[in-house]
Structures are given as structure tokens and as C-alpha cells.
Amino acid sequence: MKAFNKIGVTAGLLCAFLFVGAAGAEEGTEERGKLLEQEGRLTARIESLKQEQDYLLFQKTMYASDSKYLVLHIAARSAQLRYKNRILKDLPLRVVSGRIEALVRGATTLTGKVEDPKERNALVFGSAFLLQGIRPPALRESEPGFVRFALSKKDFSSLFYAVETGSQAYILP
Amino acid sequence: MRNKIQLMLKTSAVFACLLFCSSPSAGRSEDVPGVVSLEGLRAHVQTLEREAALLEEENQGLKNMLRAQENDDIFLVVDTESNRLTMRQNDSLLLTTKVGTGSRQLIKSEAGRKWYFESPMGSLTVLGKERNPVWIRPDWSYVEENMPVPAENDPDRIVRGVLGKYALILGNGYKIHGTKWTELLGTHFTHGCISVGDDDLEKLYHTVKIGTKVYLY
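Residues numbered from 1 in each chain as written. Chains lettered and ligands numbered in written order. Predicted model: local features only at pLDDT ≥ 70, side-chain atom pairs only at ≥ 80, totals over all residues.

K.L.:
I'd love a proper account of the overall build of chain A, names of residues and values included.
P.N.:
A count of helical and extended segments in chain A gives two helices and ten strands. The N-to-C order of helical and strand elements in chain A reads α-β-β-β-β-β-β-β-β-β-α-β. For chain A, buried positions account for 25% of its 173 residues. Counting only contacts in chain A whose residues sit at least 6 apart along the sequence, the fraction spanning at least 24 positions is 50%. (Helix = DSSP H or I, 4+ residues; strand = E, 2+ residues; numbered from the N terminus. Buried ≥ 20, exposed ≤ 12 C-beta atoms within 10 Å, placed from the backbone. Contact = placed C-beta atoms within 7 Å.)

K.L.:
Run through the overall build of chain B, naming residues and quoting values.
P.N.:
A count of helical and extended segments in chain B gives four helices and 14 strands. Within the span of chain B, comprising 217 residues, buried residues form 23% of the whole.

K.L.:
I'd like to hear about the sheet that holds strand S9 (residues 147-150) of chain A, residue by residue, with values.
P.N.:
All names here are of chain A. The strand order S4-S9-S8-S7-S6 describes an open sheet built from five strands, whose pairing is mixed. Each edge of the open sheet is held by one strand with a lone partner, namely strand S4 (94-97) and strand S6 (112-114). The sheet shows a mean angle of 25° between the axes of neighbouring strands, direction not considered. Pairing analysis gives three bridges linking S4 to S9, with the strands arranged antiparallel. Across the sheet, the residue bridging to Arg94 is Ala150, located in S9. (Pairing = 2+ DSSP bridges. Axes fitted to C-alpha atoms, helices over the stretch in contact; angles between N-to-C directions.)

K.L.:
I'd like a description of the confidence of the model for chain A, backed by residues and values.
P.N.:
Of all residues in chain A, 83% have pLDDT values of 70 or greater, and the mean over the chain is 87. Confidence, expressed as mean pLDDT per element, reaches its minimum in chain A at helix H1 (residues 2-64) of chain A with 80 and its maximum at strand S1 (residues 68-73) of chain A with 98. (pLDDT = per-residue confidence, 0-100.)

K.L.:
Report on helix H4 (residues 198-207) of chain B, specifying residues and quantitative values.
P.N.:
Residues and elements named next belong to chain B. Of all the residues in H4, the buried ones are Leu201, Leu204 and Tyr205. The arc enclosing the buried residues of H4, seen along the axis, measures out at 100°, which places them on a common side. Facing away from the buried side of H4, by more than 90 degrees, are the exposed residues Asp199 and His206. Buried residues belonging to H4 abut strand S2 (84-89), strand S7 (128-131), strand S10 (166-171), strand S11 (174-177) and strand S13 (194-196). (Arc of directions from axis to C-beta.)

K.L.:
Please give an account of unusual backbone geometry that cites residues and values.
P.N.:
The phi torsion at A:Glu119 lies on the positive side, around 55°, for a residue other than glycine. By the secondary structure assignment, A:Glu119 is in the loop between S6 and strand S7 (122-125). With 13 C-beta atoms counted inside 10 Å, the residue A:Glu119 sits in the partly exposed group. The backbone of B:Arg104 shows a phi angle near 60°, a positive value even though the residue is not glycine. Residue position: B:Arg104 is located in the loop between strand S3 (92-102) and strand S4 (106-108). The exposed category is assigned to B:Arg104, around which 12 C-beta atoms lie within 10 Å.

K.L.:
Which residues make up the sheet that holds strand S3 (residues 86-92) of chain A, and what values go with them?
P.N.:
Residues and elements named next belong to chain A. Judged by pairing direction, the sheet is mixed, and its five strands sit side by side in the order S3-S2-S1-S10-S5 without closing on themselves. Where the open sheet ends on each side, the last strands, each with one partner, are S3 and strand S5 (106-109). For this sheet, the mean angle separating the axes of adjacent strands, direction not counted, is 25°. Together, S1, strand S2 (78-83) and S3 form the strand contacts of helix H2 (residues 153-162), whose direction differs from that of S3 by roughly 135°.

K.L.:
How would you explain the pairing of strand S8 (residues 129-132) of chain A if you had to name every residue and give the values?
P.N.:
All names here are of chain A. Residues of S8 alternate between two faces, with Phe129 and Leu131 on one and Leu130 and Gln132 on the opposite face, all of them buried. Here S7 runs beside S8; their pairing, made up of four bridges, is antiparallel. Opposite Ala122, over in S8, you have Gln132 as the bridge partner. Bridging between S8 and S9 involves four bridges; their strand directions are parallel. By the bridge assignment for S9, Phe129 is matched with Val147.

K.L.:
How would you summarise the confidence of the model for chain B if you had to cite specific residues and measurements?
P.N.:
Residue and element names in this part refer to chain B. When pLDDT is averaged along chain B, the result is 89, and 85% of the positions lie at 70 or above. Low confidence marks residues 20-30, where pLDDT is under 50. Its contacts with residues over four positions away, or in another chain, come to 27 contacts. Of the two predicted TM-score estimates for the complex, the pTM is 0.79 and the ipTM is 0.79.

K.L.:
An account of the environment of B:Pro133 is requested, with residue identities and associated values reported.
P.N.:
Residues and elements named next belong to chain B. Residue position: Pro133 is located in the loop between S7 and strand S8 (134-136). Classification of Pro133 by C-beta neighbours within 10 Å gives buried; the count is 20. Spatially, the C-alpha atoms of Pro133 and Gly178 are 9.5 Å apart, while their sequence positions differ by 45 residues. Excluding residues within four positions of it along the chain, Pro133 makes contact with Leu163, Ala167 and His177.

K.L.:
Describe the environment of A:Ala64, listing the residues and the values that go with them.
P.N.:
Mapping A:Ala64 onto the fold places it in helix H1. In sequence terms A:Ala64 and A:Asn85 are 21 residues apart; their C-alpha atoms lie 9.4 Å from each other.

K.L.:
Which residues make up the pairing of S2(B), and what values go with them?
P.N.:
Residues and elements named next belong to chain B. Pairing analysis gives six bridges linking strand S1 (residues 74-79) to S2, with the strands arranged antiparallel. Along S2, the bridge assignment pairs Leu76 with Met87. Here S1 folds back onto S2, and the loop between the two strands holds four residues, one of which, Asn83, carries a positive phi near 55°. Looking at chain direction, S2 and S3 are connected through six bridges and run antiparallel.

This is how it looks when you write it as C-alpha cells:
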């Protein structure tokens, strides 16, 4: 009889162990899921904060600088010519060619001012994009996907003489 | 029989212990390659939370610093290429109008003096405001009309009514003023000053304060 009691107690303990183990495994899976979700959310938030900080630091630099600069709002298809914290001019942009979705958010530099006697001037920002007037610049074909934005004749003319090689631009999505 | 049952129970107990100990709730590393332990994951999430909080704090500091440099003051922008003047406040556009700017022409006197009529560039300030401004004809004005240049204090130099009803003084002889050549607004036709139509000039005069910034490019 005693032996059967022992067996019963041991069996009970065994069941309890199994139950706790299974419940723990379930809880662990649930917690893991929540943590992974939180991890994903935080990683995205950190990336977004880093991008925001990059633009804030760009602004901080430009506020202290004596140079005019451009801010491109890709989604709005517009740009602003700015000086310190002032907007000097709003510039509507028209996409002529290229993959604007491939433009990388962040700062870029005006690497070339292409002057052409036939009003085919252009402002080239490295391998990121170029700005032109209504008439396309006489440039050799660049990399596929290279973005070309067009401005109205007057806007482009104003902008062309307002910036210098080395002027900064910031691309915002 | 009893021994057999006991052996089976003991074996099961050992197995159950192993199962329990290896369960994720026990907080131990899993042996599955590539899978981080719960403890490790918790620590990683905490690190990310700290990093996000730090970035938020830094960004808020930067925003405060940038905001401290901003103000609600009205400012003027003169685009000397397209001959447009805009009055702005923060991101709002309050006025945009055609203006006349420097003709970018060069004249020479017989004595070899030269004048190049270009509007000033850069960041200027409204230094003063005038009603019914008087024009003191400079030497180039006589040279341009092939007239003899009078003495510096000659009363003939004082001309009334040609600069409109108002003027905003920018310094070094440059002003934002009216013109009787309103059909030329939107072109380069002045001797460097910024010419504005009467109605817009009146608005500017009544809105702009001494100290207002004027950005010319």
C-alpha cells in the first residue's frame, strides 16, 4: 500500500513537472514573440531618429554657414532655396527622367555647374541628380536611373546664379 | 513489477526535469544555432530602448537649439535674376511682386570714370524708412544724359517725386522705392536700387520695420 502511495506521489510530481515545463515553454514563446516585435519596432524607431538627427545636424551646420542651400522634398516634388533658417524661394520640380525612389535621403553637394550658350545649363549633384531648365543640358548619358529634375526657365535661372559649386542640398523623402 | 514501475517513473522524472530545465522560461540559452536566448533578447531590447531614448533626447536638444535661432520677424527676399520681391514670415509667403533691379550696364564718363549698375547682393537690413523721398542725382545720372556734372551741393541735384511715395533705405545709396517706369517692372532697368509698384510699395512701407532683413541674390 505504502509503495503504491509513493508511486502516486511520484506520478503526481512527474505530471506537475511536465505541466510546468510545457506552460513555461508556451510563456517563453509568447514573450519571445513580444520581444522580437518590440525589437523590430525599436530598430525602426532608431533608424528614423538617426535620419531625423542627420537632417537636424545639417540644419545646424547651414544655420551657421553663410551659404545658400537647397532642400528637396521628393514626395511633394518641390525644393526650397534657403539661406540660414530662411526660405528664399520655393521651386516646383518636374521629374524628367530617372528613378526618384532610388534617391538616397541625406546631404549631397553641387559638384558641377554646366554652362551652355544655348541655355542648356544644368546643376549636377554628384551621381544623385541634376537640375535643369526647360531645355535639356547637353550632357553625355549618365548612369541609368540618374534623376533629372526640371524647373521653369525663370526659377532655374534664379537658382543657377544663386548657388555655387560646393553648395549643399538635402534630399528629404 | 513494482521495480519496473519505479524505474519507468524515475526515467520519466529525469526526462521531465531535463524538459523543464531546457524550457525558455528557465532563462537559459537555447542550443538552437542562430536563436538568441530570451535573456539575451531582453537585454538587447533594453539596449535599443536606451539608444532610442538617447537619440530622442539629443534630437530634442537640437530642435530646441534650432528653434532658439528662429523668430517670427517678417523678411524680404529679392531675386535679382527673375526680378521678383517676396515678403515672408516663417514659412508663409505674404507678398510677391515684380520689381526692377540693376540694369547690369556699364557707363563711362569722358574723364574715365566707370559705373556698373548692379543691385547689391547678400544680406542687408532696412536702415530707415522715408515718405516722399527725395533723389539726390548722382554724377552718373548726368554722365548718362551727356550733361555736365554740377558741383556736389548744387541744388539742381535735388529731385522730388521720382522715387514714389515711400522708400526703404538699405544703405550705400541703395533703396527699395517707387518708380514712374511701372511698365518696366520685372526687368533689369534700375541703377541698382529695387523699384516697386505703388500699391506694393505702400504695403511694404506699412509692414516692414527698421531692422527688417532683406536677402538679395
